[in-house]
Amino acid sequence: MGVTPEAGMMRELWTWSAIAALVVGVIVWGLTAWTVAFHRRKAGASELPRQFQYNLPLELVLTVIPLVIVAVLFYFTVVVQNVVDRQPAGNELKVDVVAFQWNWEFAYPEARTPDGTPVATVGTTEDVPLLVLPTDRPISFTQHAEDVIHSFWVPEFLFKRDVMPDPEKNDQKNTWVIERIERPGAFVGRCAEYCGSYHSMMNFEVRALPGNLFDQYMQLRQSLNPQTRQPYSAAEALQTMNCGELCSPTATTTRPFNPNPTDRLAF
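Residues numbered from 1 in each chain as written. Predicted model: local features only at pLDDT ≥ 70, side-chain atom pairs only at ≥ 80, totals over all residues. Heavy atoms only, no water.

- Taking an unreviewed UniProt entry as the reference, the protein is identified by name as cytochrome-c oxidase belonging to Actinomycetospora corticicola.
- Per its UniProt entry, the protein bears the Subcellular location (unreviewed entry) comment "Membrane".
- Of the comments in the UniProt record for the protein, the one headed Sequence similarities (unreviewed entry) reads "Belongs to the cytochrome c oxidase subunit 2 family." (UniProt positions renumbered as here; feature names shortened; annotations may be inferred.)

1. A word on the packing of aromatic side chains
Next up, step 1: For the coordinates displayed, the defined rule picks out 13 aromatic pairs.
Next up, step 2: An angle of 70° between the planes, with centres 5.3 Å apart, marks the rings of Trp102 and Tyr198 as edge-to-face. In this pair, Trp102 sits in the loop between strand S1 (93-100) and strand S2 (103-112) while Tyr198 sits in the loop between strand S9 (185-191) and strand S10 (203-209), placing the two residues 96 residues apart along the sequence.
Next up, step 3: By relative accessible area, which is 22% here, Trp102 ends up partly exposed.
Next up, step 4: Assessed through its relative accessible area of 38%, Tyr198 is described here as partly exposed.
Next up, step 5: These aromatic residues form a ring-pair network of at least three members: Trp104, Phe106, Phe141, Phe152, Phe159, Trp176 and Phe204.
Next up, step 6: The residue whose ring lies beneath Lys160 is Trp153, and the NZ or CZ to ring-centre distance is 5.7 Å. (Phe/Tyr/Trp six-rings, centres within 6.5 Å; stacked < 30°, edge-to-face > 60°. Helix = DSSP H or I, 4+ residues; strand = E, 2+ residues; numbered from the N terminus. Buried < 20%, exposed > 50% of the residue type's maximum accessible area, 1.4 Å probe, protein only. Lys NZ or Arg CZ within 6 Å of the ring centre and 35° of its normal.)

2. As for the packing of helix H3 (residues 211-221) against helix H4 (residues 234-241)
Next up, step 1: Packing of H3 against H4 leaves a shortest axis separation of 9 Å and a crossing angle of 125°. For the element pair H3 / H4, the angle class is oblique. Our pair here, H3 against H4, has a crossing hand that is right-handed. Together, Leu213, Gln216, Tyr217, Leu220 and Arg221 of H3 and Ala234, Ala237, Leu238, Thr240 and Met241 of H4 make up the contact between the two elements.
Next up, step 2: Residue classes in the contact of H3 with H4 are distributed as seven nonpolar, two polar and one charged. (Axes fitted to C-alpha atoms, helices over the stretch in contact; angles between N-to-C directions. Parallel < 35°, antiparallel > 145°, perpendicular 65-115°, else oblique. Left-handed = near helix turned anticlockwise from the far one by under 90°. Contact = heavy atoms within 4.5 Å. Nonpolar A, V, L, I, M, F, W, Y, C, P; charged D, E, K, R; others polar.)

3. Examining unusual backbone geometry
Next up, step 1: With an omega of 0°, the peptide bond between Gln101 and Trp102 qualifies as cis.
Next up, step 2: Look at Leu158: it is not a glycine, yet its phi comes out positive at around 60°.
Next up, step 3: Structurally, Leu158 can be placed in the loop between strand S6 (150-154) and strand S7 (159-163).
Next up, step 4: The partly exposed category is assigned to Leu158, whose relative accessible area is 36%.
Next up, step 5: Here Arg229, not a glycine, exhibits a phi torsion of approximately 60°, which is positive.

4. Re the UniProt feature "transmembrane region" (unreviewed entry) in the protein
Next up, step 1: In the numbering used here, UniProt assigns the feature "transmembrane region" (unreviewed entry) to residues 13-37 and 58-78.
Next up, step 2: Summarising residues 58-78: 100% helix, 0% strand, and an end-to-end C-alpha distance of 30 Å.

5. Section: the environment of Val64
Next up, step 1: Within the secondary structure, Val64 is located in helix H2 (residues 56-84).
Next up, step 2: Between the C-alpha atoms of Val64 and Met10, which are 54 residues apart in sequence, the distance is 27 Å.

Here it is in structure tokens:
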């Protein structure tokens, strides 16, 4: 099940499209069986059974019905597509997504650390990057790749977005919006475009927090950790909040890449 309103719309579109296809299929199979059973020349018969190739009403029906089906599917597809691909309204939480071989960086361009740089999280071989998001507000993602084409995929969002280098030069619309995440939780994210030798290690985790916890998290990320005298990292901020599994400082839906060539376990 999806965790955003856009995911719900896309699921309904595909569900009803599949139902429509099944209904059409049943009708076609039934007519085929009926034709085979009652409109074939019987053994020993000298004449062909009644033919319908010049039946004008039937031909009109077989032309109009597919056009209506295509028009209806086209209409609902456009409705959903216009919602999914809409422009930001300006009131969203802004998140920058940067893909590189073979990990992710997530930044909040409107939130600044004490040293003036944007709050950001960068994944490493040892640490799965956490993309911490709120559940009660719209979010705008702007993405690009540093090297080759990647793909941002959170299965619970029910869609994926290619992450391209130089999106402007490649004429790619690289900003997209979700209205909200509908429930707190941890959701695995992956790169869904083969991007090189360690493509399979490009996992991340979306950590969806209730609004009050997210605000606390961002306040910490914009502060200095008194123990290190450095800005709080994502893991340090979550650990300081101590709100149970939602505040786990490490990913709970996936694990870091194991470079051991004898390890064949999927992650």
